[in-house]
Amino acid sequence: MKRRHFLGLAGLTGLTGMLPGLSFGFPRVKLEADPALEPLELTEAQWRERLSDKAFYVLRQHGTEEPFSSPLDAEWREGEYRCAGCDLLLFTSDMKYDSGTGWPSYFEHVEGHMLSQLDFAMVWPRVEYHCARCGGHQGHVFDDGPEPTGLRWCNNGAALRFVPA
């Protein structure tokens, strides 16, 4: 191996090891599941039977729906937003705001009901979050939201089910 290849590999390895410590301009959130939550694990066939095609694409294949395509973006009644995969409460209507992005957005979430990981699908890392019970992909969290948190939990409407109060 040539020295420059080794140095390049060593530099890349070092950078990769540092990634969790770098902010890259995205919010530093580390979400942990409520230990009382029982995981829901189903086969792919069971998920396909349980979910619509769009919900399966978003929740199980980490897809993203088109902006302004979800009726939940314009939903302003009082109620709860639950995971479309397992019905776990993720947000309430008090946490919702209009971000103008075309996806339902929230400045807060129900503590212990989400898990997070880094997503490199767009090259630049983003914080992706999932339902803590079923692992279903919900969306991404950004640091351009309103007070009091300054966060924008940008959720796919297909990954949610609204339950009016």
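Here is a short report on the structure shown in this document. (Residues numbered from 1 in each chain as written. Predicted model: local features only at pLDDT ≥ 70, side-chain atom pairs only at ≥ 80, totals over all residues. Heavy atoms only, no water.)

So, the overall build of the protein chain
How we decide: For the purposes of this entry, the term helix denotes a DSSP run of H or I that reaches at least four residues, the term strand denotes a run of E that reaches at least two, and both are numbered from the N terminus. For the exposure calls, accessible area comes from a 1.4 Å probe over protein chains only, and a residue counts as buried if that area is under 20% of its type's maximum, exposed if over 50%, partly exposed in between. Here, residues are in contact when the closest pair of their heavy atoms is within 4.5 Å. We get accessible surface area from the Shrake-Rupley algorithm with a probe of 1.4 Å; when it comes to residues, only the shown protein chains can shield them.
When helices and strands are tallied, the protein chain shows three helices and nine strands. By residue count, 42% of the 165 residues in the protein chain fall in the buried class. Put simply, of all contacts in the protein chain between residues at least 6 apart along the chain, 56% involve residues at least 24 apart. Carbon and sulfur atoms form 56% of the exposed surface of the protein chain, whose accessible area is close to 9500 Å².

Considering unusual backbone geometry
Of the consecutive residues Glu147 and Pro148, the connecting peptide bond is found in the cis state with omega at 15 degrees. With respect to the element layout, Pro148 can be found in the loop between strand 7 (137-142) and strand 8 (152-155). Phi is positive for His62, close to 60 degrees, though the residue is something other than glycine. Phi at Phe68 takes a positive value of approximately 65 degrees, unusual for a residue other than glycine. With respect to the helices, strands and loops of the structure, Phe68 is situated in the loop between helix 3 (53-61) and strand 1 (79-83).

Re helix 3
Each turn of an α-helix holds 3.6 residues, which means side chains three or four residues apart point in the same direction. Listing the buried residues of helix 3 in full gives Ala55, Phe56, Val58 and Leu59. Lining the buried residues of helix 3 we find helix 2 (44-50), strand 1 and strand 7. Phi turns positive one or two residues past the end of helix 3, at His62, with a value near 60 degrees.

Considerations on the sheet that holds strand 1
Basically, it comes down to this: Two strands pair if DSSP finds at least two bridges between them. An axis is simply a line fitted to the C-alpha atoms; with a helix, the fit covers only the stretch in contact. Between two such axes, the angle follows the N-to-C directions and lies from 0 to 180 degrees.
One open sheet accounts for three strands, arranged 2-1-9; its pairing is antiparallel. Of all strands in the sheet, those bounded by a partner on one side alone are strand 2 (89-92) and strand 9 (160-164). Adjacent strand axes in the sheet meet at a mean angle of 30 degrees, parallel and antiparallel pairs treated alike. Strand direction decides the pairing type here: strand 1 and strand 9, joined by five bridges, are antiparallel. Within strand 9, the residue paired with Tyr81 across the bridge is Phe162.

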